[in-house]
Amino acid sequence: MRFTRYMLIGSIALFGSMLASCTYTGKKVDNNQTYYKNLPNTAINTLKGLKTDIDTLVVDDDDMISVLMKDGVEIEFENDGEWRKVNMHKNAISKEVSDLLPIQARTYLKENKPDKEIRRIERSRKNRYTVVLQGKEILHFSRIGKFMPNDAKRLPSLATSTLKKYFADDSILVATVDADIEYTVELASGTTLEFDRMGHFERVEANKSQGLPEAYKAAFPSLMMKYMTKNHPNKTIRRIIRKNYGYFVKTNKPNPVELCFSKTGDYLRVANKGEENDSMGIEGL
């Protein structure tokens, strides 16, 4: 993300009436409390733990909150306040930033990569961690900090067939498996897919700028894709999640559309609030 030197002006759903009632002049403010008024409590607690001052706060088109600290460290949050990425920007990592990782991951890095500087830390929605070291070496850790080697060769045949059929022009950056035997595959294009232990599709997170690849749309019910083309022709599909009723579909921002479809692709309804993150009921499909 490219940073401006000013706080973003405008109103987003996260801040609701708070932003609607405030007007920003673009002047730099050194008081962290001013910024805290516009942040979720979870983000505030994380930032307080870093023990440094905020330089710039920016909200992008995807409702991600980015905070640039005065020491040059950039940290990104979801709109619920959960941190997702810390970019060191060539700064040495502080103990406070390092403590965002589980102790088991910190121990592994200290024992196995003592001479490598940490350049970036990322946390997934399933609380798995990715650490990028200098030289662009990428390491993955579980939610408790256990090192997770690249498991591309362990992918179920069904998942491998899906990747070969619909992503032949893409390449696997890394594939990991968690304690529940669920696989996450990150592709070079920026698309991320998740599969269950048998290799059945569970979730796809498309590249932000490109959206869901056209070829992969053929893997889903044609009725669902026809509905999206007809009713939302100017929207790009960013995310599809398998549910017990069928599929949850979310388009790009601003003003994303969240819809539910049956297993055969029939339109069901607009998604309920929080349905995207409800992981219940996807088994047995």
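All values derive from a computational prediction rather than experimental measurement. (Residues numbered from 1 in each chain as written. Predicted model: local features only at pLDDT ≥ 70, side-chain atom pairs only at ≥ 80, totals over all residues. Heavy atoms only, no water.)

K.L.:
Please explain the environment of Lys208 as it appears in this structure.
P.N.:
Turning to its location among the elements, Lys208 is positioned in the loop between strand S12 (201–205) and helix H7 (214–217). Judged by its relative accessible area of 49%, Lys208 is partly exposed. Placed 28 residues apart in sequence, Lys208 and Thr236 show a C-alpha to C-alpha distance of 9.2 Å. (Helix = DSSP H or I, 4+ residues; strand = E, 2+ residues; numbered from the N terminus. Buried < 20%, exposed > 50% of the residue type's maximum accessible area, 1.4 Å probe, protein only.)

K.L.:
Sorry, what's going on with the packing of aromatic side chains here?
P.N.:
Ring pairs (aromatic) are described by centroid distance and by the angle formed between their planes. In this structure the tally under the stated criterion is 13 aromatic pairs. Ring centres of Phe201 and Tyr216 lie 6.4 Å apart, and the angle between their planes is 70°; this geometry places the pair in the edge-to-face category. Placement of Phe201 in strand S12 and of Tyr216 in helix H7 is noted, with a sequence separation of 15 residues between them. Of the two residues examined, Phe201 and Tyr216, each falls in the buried class. Put simply, the rings of Tyr166, Phe167, Phe201, Tyr216, Phe220 and Tyr247 pair up and form one aromatic cluster. (Phe/Tyr/Trp six-rings, centres within 6.5 Å; stacked < 30°, edge-to-face > 60°.)

K.L.:
Help me out: how do you make sense of the sheet that holds S12 in this one?
P.N.:
Two pairing modes exist for strands in a sheet, parallel and antiparallel, and in both the strands are linked by backbone hydrogen bonds. Here we have 8 strands laid out as an open sheet, ordered S9-S10-S11-S12-S13-S14-S15-S16, and antiparallel in their pairing. Two strands lie at the open edges of the sheet, namely strand S9 (172–177) and strand S16 (267–270), each paired on one side alone. On average, adjacent strands in this sheet sit at an angle of 20° to one another, irrespective of strand direction. Bridge analysis of strand S11 (residues 192–195) against S12 gives 4 bridges, and the strand direction is antiparallel. Along S12, the bridge assignment pairs Thr192 with Glu205. Strands strand S13 (237–242), strand S14 (246–251), strand S15 (258–262) and S16 of the sheet are contacted by helix H8 (residues 222–231), whose axis makes an angle of about 150° with S15. (Pairing = 2+ DSSP bridges. Axes fitted to C-alpha atoms, helices over the stretch in contact; angles between N-to-C directions. Contact = heavy atoms within 4.5 Å.)

K.L.:
Please explain the sheet that holds strand S6 (residues 129–133) as it appears in this structure.
P.N.:
In spatial order, the strands read S1-S2-S3-S4-S5-S6-S7-S8; together these 8 strands make up an open sheet with antiparallel pairing. In the strand order of this sheet, the two ends are held by strand S1 (54–59) and strand S8 (147–148), each with one partner. In this structure, strand S2 (residues 65–69) lies alongside strand S3 (residues 74–77), joined through 4 bridges in antiparallel fashion. Along S3, the bridge assignment pairs Leu68 with Glu74.

K.L.:
So what exactly am I meant to see when it comes to the pairing of strand S5 (residues 118–123) here?
P.N.:
Pairing of strand S4 (residues 83–87) with S5, which is carried by 3 bridges, proceeds in the antiparallel orientation. By the bridge assignment for S5, Lys85 is matched with Glu122. Connecting S5 to the antiparallel partner S6 that follows it, the hairpin turn spans 5 residues, and Asn127 within it adopts a positive phi of roughly 60°.

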